[in-house]
Amino acid sequence: MKICKTKKELSAVLALAKTNKQSIGFVPTMGAIHTGHTSLITKSKSENDLVVCSIFVNPTQFNDPSDLIKYPRPIANDMQLLESVNCDVLFLPEISEMYSPGEIWEHSFGEIELCWEGAIRPGHFKGVGQIVYKLLSLIQPDKAYFGQKDFQQTIVVKQLVKDFQLLTEIVVCPILRASDGLALSSRNIRLNELERVDAAKIYNVLSDCKSQFLQQEAISTIQLTAENALKSIPNVQLEYFAIVAQEDLKIWDSTKHMAPIAIVALRFPSVRLIDNMVLE
Ligand code: PAF
């Protein structure tokens, strides 16, 4: 695996690939690589000639400074995992490589950046948009791969591609889960043993929600049952649970919307988790 720490080094590798008419797949990450990420690399390898993965803990998307400090950075292990799935190129820039001092980036995604995650983490999606724009402009991949676990992020990134008329195709890949159902996330390592067991209940709630939806239970009943079940998980603070439209993240209305998705965010004392499940 070739490691590039600067844009210049990466551009040289990419220029050669482009001269050789190789297609480029891109998997952006913030590191703490797990099976969810490696599955994105594997998918990208199956669809492209050259796969670039970036590891960059992007400061502009953290509205909580302590979350940024605590974000895991097991770089040696990350590199091993990327090698194990034959990632071709790792882009590993320093902050100064990606941002100039005092830089301001203004782009409004409208309502989709302000609701749900955006309401709880103000400015988060602006930061995601800012770095994803820089990475996509630099790498110009044919396809970029994102996990469905960050569902709202995938909507924002698709909007970014549309707004800036970028040529990259955004590929959204299914959530990978542990055997007990917990969605894989870099933050899971911050759960203690008891919390880890309780965290699997999120999947049970989402699965029940889906069964009830398929049995045509009233949405208000599904909402209430899910909220009560999530609130009964010990030491958990429920931030939101909602059944929303996949296209615009507004509360799902069968007369207006197509496919619904249940989204949830909750906080354990040591970590905040999000998850979702498509209901149809
Ligand atoms: O999903 C992530 O890990 C990050 O939000 C991303 C897309 C790498 C941007 O920093």
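Scroll up to find the structure.
Remember, predicted model here, so these are calculated numbers, not experimental data.

*Asks:* Honestly, the overall build of the protein chain in this entry has me stumped. Any pointers?
*Replies:* A tally of regular secondary structure across the protein chain gives 11 helices and nine strands. Computed over the C-alpha atoms, the radius of gyration of the protein chain is 19 Å, within 12% of the 19 Å expected from 2.2 N^0.38 for a compact globule of 280 residues. On the principal axes, the C-alpha backbone points of the protein chain span a range of 55 × 45 × 40 Å. Out of the 280 residues in the protein chain, the part that is buried amounts to 50%. In the form shown here, the protein chain has an accessible surface area of approximately 13,400 Å², with 54% of it arising from carbon and sulfur atoms. Treating the 28 positive side-chain charges of the protein chain as one cloud and the 32 negative ones as another, the clouds have centres 4 Å apart.

*Asks:* Got a minute to help me understand helix α10 (residues 201-214) in this structure?
*Replies:* Along an α-helix, residues three or four positions apart point the same way, because every turn accommodates 3.6 residues. Given a rise of 1.5 Å per residue, 14 residues ought to cover 20 Å, and the 20 Å separating the end C-alpha atoms of α10 matches this to within 8%. Among the structural elements, α9 (193-199), α11 (219-231), β7 (237-245), β8 (260-267) and β9 (272-278) are those in contact with the buried residues of α10. The first or second residue beyond α10 is Gln 216, which carries a positive phi of 60°.

*Asks:* I keep staring at the site of the ligand and nothing clicks. Help me out?
*Replies:* In the vicinity of the ligand, the residues found are Pro 28, Thr 29, Met 30, Asn 58, Gln 61, Ile 131, Phe 146, Asp 150 and Gln 153. The separation between an oxygen atom of the ligand and a polar side-chain atom of Gln 61 is 2.6 Å. Note that an oxygen atom of the ligand is positioned 2.6 Å from one of the side-chain N or O atoms of Gln 153. Burial of the ligand by the protein amounts to 89% of the accessible area it has alone, namely 290 Å². Its residues assigned to classes, the shell around the ligand shows four nonpolar, four polar and one charged.

*Asks:* Could you clarify how one ought to interpret the pattern of salt bridges in this entry?
*Replies:* Note on pairing: side chains with opposite charge can pair once their charged atoms come close. Tallying each qualifying case throughout the model produces 15 salt bridges. Ionic pairing is found between Lys 143 and Glu 47, a salt bridge with its closest N-O pair at 3.3 Å. Placement of the pair is Lys 143 in strand β5 (residues 143-147) and Glu 47 in helix α2 (residues 35-47), with a sequence separation of 96 residues. Here Glu 47 falls in the partly exposed class, since its relative accessible area comes to 30%. Among the ionic pairs, Asp 180 bridges to Arg 196, the shortest N-O distance being 2.8 Å. Taken together, the residues Asp 180 in the loop between β6 (169-173) and α9 and Arg 196 in helix α9 connect sequence positions 16 residues apart. Judged by its relative accessible area of 25%, Arg 196 falls in the partly exposed class. Several salt bridges share partner residues, and in doing so they unite Glu 117, Glu 239, Arg 267 and Arg 272 into one network.

*Asks:* Would you mind going over the nonpolar core with me for this structure?
*Replies:* Among soluble globular proteins, nonpolar side chains are generally buried collectively. Core analysis: the biggest nonpolar cluster contains 44 residues, and Leu 10 and Val 52 have the highest contact counts within it. Element by element, the count of residues in this core is highest for helix α7 (residues 124-139), at eight residues.

*Asks:* Just to check I follow, could you spell out α7 for this structure?
*Replies:* In this model α7 runs 23 Å from its N-terminal to its C-terminal C-alpha over 16 residues, within 8% of the 22 Å that 1.5 Å per residue would give. Of all 16 residues making up α7, 12 are buried, and the element is well covered by its neighbours. All of the buried residues in α7 are His 124, Phe 125, Gly 127, Val 128, Gly 129, Gln 130, Ile 131, Val 132, Leu 135, Leu 136, Leu 138 and Ile 139.

*Asks:* What am I meant to see in the pairing of β8 here?
*Replies:* As a general feature of sheets, a regular strand has side chains that alternate between the two faces. Most of β8 is tucked away, with seven of its eight residues classed as buried. As judged from the eight bridges shared by β7 and β8, these two strands associate in the antiparallel manner. Paired with Ala 245 across the strands is Pro 260, a residue of β8. Bridge count for β8 against β9 is seven bridges, and the pairing is antiparallel. If you follow Ile 261 over to β9, its bridge partner there is Val 278. Connecting β8 to the antiparallel partner β9 that follows it, the hairpin turn spans four residues.

Calculation criteria
- Every residue gets a number counted from 1 within its own chain, in the order that chain's sequence is written.
- Local features are withheld for residues below a pLDDT of 70 in this predicted model, meaning they are given only at 70 or higher, and side-chain atom pairs are given and counted only at 80 or more; totals for whole chains, interfaces and linings count all residues.
- Only heavy atoms go into the side-chain values, all of them from the structure, while hydrogens and water stay out.
- A run of H or I in DSSP becomes a helix once it reaches four residues, and a run of E becomes a strand once it reaches two; helices and strands are each numbered from the N terminus.
- Every radius of gyration here is taken over C-alpha atoms, with the globule rule written as 2.2 Å times N^0.38, N being the number of residues.
- The rule is simple: take the accessible area with a 1.4 Å probe, protein chains only, and divide by the maximum for that residue type; under 20% is buried, over 50% is exposed, in between is partly exposed.
- Surface accessibility follows the Shrake-Rupley procedure with a 1.4 Å probe radius. Residue values consider only the protein chains on display as shielding.
- Only four residue types enter the charge count, namely Lys and Arg as positive and Asp and Glu as negative; His and the chain termini do not.
- All charge positions are set by atom: Lys at NZ, Arg at CZ, Asp at CG, Glu at CD.
- Each helix should span, by expectation, one fewer than its residue count multiplied by 1.5 Å.
- For this analysis, residues touch if any pair of their heavy atoms sits within 4.5 Å.
- We call a residue near a given molecule or strand whenever any one of its heavy atoms falls within 4 Å of it.
- Counting of polar contacts relies on pairs of N or O atoms within 3.5 Å, with two restrictions inside protein: one atom must be capable of donating a hydrogen and the other of accepting it, and residues adjacent in sequence are counted only when both atoms are side-chain atoms.
- Under this grouping Gly is polar, as are all residues other than the nonpolar Ala, Val, Leu, Ile, Met, Phe, Trp, Tyr, Cys and Pro and the charged Asp, Glu, Lys and Arg.
- Any Lys or Arg side-chain nitrogen found within 4 Å of a carboxyl oxygen on Asp or Glu counts as a salt bridge.
- Only buried Ala, Val, Leu, Ile, Met, Phe, Trp, Tyr and Cys residues count toward a nonpolar core, and they belong to the same one when joined by side-chain atoms within 4.5 Å.
- In this scheme, strands are said to pair when DSSP sees at least two bridges between them.

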